[in-house]
Amino acid sequence: MSDQLTSQQVIQITKDHNYGTWRKQKFWNPNHLVSADGCYFTDGNGKRYLDFSSQLMCSNIGHNNKAVIESIKQQAETLAYAAPFYATTARAELSKLLLEVLPEGLTKFFFTTSGTDANEAAFKIARMYTGKTKIISRYRSYHGSTSMSVAATGDPRRWPMEPGGKGQGIIFSPEVNCYKCALKHSYPECGIACADYLEHMIENEGDVAAVLIEPVVGTNGVLIPPPGYLTKLRKLCDKHNVLIIADEVMAGWGRTGKWFSVDNWGLKPDILTTAKGITSAYVPLGLCATTQPIADFFEDNYFAHGHTYEAHPMTLGPAVATIKEMRRLNLVDRANEIGAYLGEKLNALKPKHPSIGDVRGIGLFWAVELVKDQKLKTPFNTWQEKLDGKPMVVEQIAAKMLGLPEGVVMQAWMSHFVLAPPLIVEKEDIDKAVAALDDALSLADALL
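Residues numbered from 1 in each chain as written. Predicted model: local features only at pLDDT ≥ 70, side-chain atom pairs only at ≥ 80, totals over all residues. Heavy atoms only, no water.

### What about the overall build of the protein chain?
In terms of helices and strands, the protein chain carries 15 helices and 15 strands. Against the compact-globule benchmark of 22 Å for 448 residues, the protein chain has a radius of gyration of 22 Å, which places it among compact chains. Its C-alpha atoms give the protein chain principal-axis dimensions of roughly 60 × 60 × 45 Å. Burial status across the protein chain gives 53% buried among its 448 residues. Considering only residue pairs separated by 6 or more positions, the protein chain has 73% of its internal contacts joining residues 24 or more positions apart. Just so you have it, the protein chain exposes about 19600 Å², and 53% of that area is on carbon and sulfur atoms. Distance from the positive charge centre (46 side chains) to the negative charge centre (49 side chains) of the protein chain: 4 Å. (Helix = DSSP H or I, 4+ residues; strand = E, 2+ residues; numbered from the N terminus. Rg over C-alpha atoms; globule rule 2.2 N^0.38 Å. Buried < 20%, exposed > 50% of the residue type's maximum accessible area, 1.4 Å probe, protein only. Contact = heavy atoms within 4.5 Å. Areas by Shrake-Rupley, 256 points an atom, 1.4 Å probe, with all protein chains shown as cover. Lys, Arg positive; Asp, Glu negative; His and termini not counted. Charge placed at Lys NZ, Arg CZ, Asp CG, Glu CD.)

### What to know about the pairing of strand β8 (residues 243–247)
Of all five residues in β8, five are buried; the element is thus mostly enclosed. With burial as the criterion, each face of β8 is covered, one bearing Leu 243, Ile 245 and Asp 247 and the other bearing Ile 244 and Ala 246. Each parallel crossover has a hand, and the one from strand β7 (residues 208–213) via helix α8 (residues 229–239) to β8 is right-handed. Judged from the three bridges that link them, β8 and strand β9 (residues 271–274) form a sheet pairing that is parallel. In the strand pairing of β9, Ile 245 is matched with Ile 271. (Right-handed = clockwise from strand over helix to strand, strands pointing away. Pairing = 2+ DSSP bridges.)

### As for empty space enclosed by the protein
Enumeration over the complete set of coordinates arrives at two cavities of 30 Å³ or more. The space that makes up the largest cavity amounts to roughly 120 Å³. In this model, the second largest cavity occupies a volume close to 50 Å³. Around the second largest cavity sit Arg 138, Val 176, Ile 213, Glu 214, Pro 215, Val 217, Leu 223, Ile 224, Pro 225, Tyr 229 and Leu 230, which together line it. Counted by class, the lining of the second largest cavity contains nine nonpolar, no polar and two charged residues. (1 Å grid on protein atoms, 1.4 Å probe; cavity = no way out; pocket = protein on both sides within 12 Å on 5 of 7 lines; lining within 4 Å. Points joined across faces, edges and corners; volume = space filled by probe spheres on them. Nonpolar A, V, L, I, M, F, W, Y, C, P; charged D, E, K, R; others polar.)

### Details of the layout of surface pockets
The volume enclosed by the second largest pocket comes to roughly 560 Å³. Surrounding the second largest pocket, 28 residues form its lining, Arg 140, Glu 175, Asn 177, Lys 180 and Glu 369 being those nearest its centre. Residue composition of the lining of the second largest pocket, by class: eleven nonpolar, nine polar and eight charged.

Right, dumping it as structure tokens:
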């Protein structure tokens, strides 16, 4: 076609007329992605990349899955849209499947178009149900970009929005990070002091509606709670009549080797939010799920929430197909099996590289944290440098991996990498990605 845009034109138009997220715009130089299949995608110059972060930790079943694509076509041909006050077949089919895969006790659903929207719904529901106001989040957390969800986000992407974007009733507790404890304790001698401190906050704040957690922290470091933490959290929240909201946007849908990360420890949250892997990001869908007692409250109390695209059939039909594909391919169990292989390969890097501070993971969800000093656990860069747009060491390492003849894409954030390939990843793909990281880490080692 004579009027077809060149790859450079696509990039230039995008830069000129679209906002690049979470960055100063002058530093944005997006690659032109044109196609994807399995664990790989291809850019406008025909170069292939191994997608070792599932785009944004969301393409869990891989790219170009024919069954999900077919479900999108079928739904479009059958019923492309219905207002949220109608029942649809897709809505009923997905609700039935959710009852099978969600943690036991979550029985009532509000559908959204993103994880951000799901968290906004969770905050409103928690406040309406309890009649209380405050929500305790954690410093190492990310819960979304809209007004309340970014206000509940602990990481400094919140900072540029303050004070105007400060969320009413949002307070922060220390993160659960046994590698570098904010309370300077050591597990298990600590007796899980971070949970004790959270109880101290609840007792002294008053008016706490809910505690908001990523059971396994995502972007901010794949932080895994120690044994006993979530059990203790459940008991103290029950003691003080405080709800638990589990944000499973990133850690859900097989990523940690269970359908949802809370299943690893048997936690039953009062509200669970999720998105991303629910459709493997083929279409935008989020979910806010609640227990039956919360659902019963709204039988006689006004449910003051909704939006035009709630329960959009084009998002629900593909979610049904995605769950069925996950079952057909046995991806939840597979995440444990092949995730163990990835863990072995990553742990073998640590003795070779003095820049590696910690390697941690669960299922196919791993982080490699870099430090200037292994003993002091000093990061290479600061949050303020990130916000100022200064070059980060992890970003330089990521760029080196991108520049390989067949690029490797690995999510770099502050001082760590998040490794979360599609759950269909093969061992040879893991070998390729870890070899690329092994080589590129020479950049960090040279700075010591």
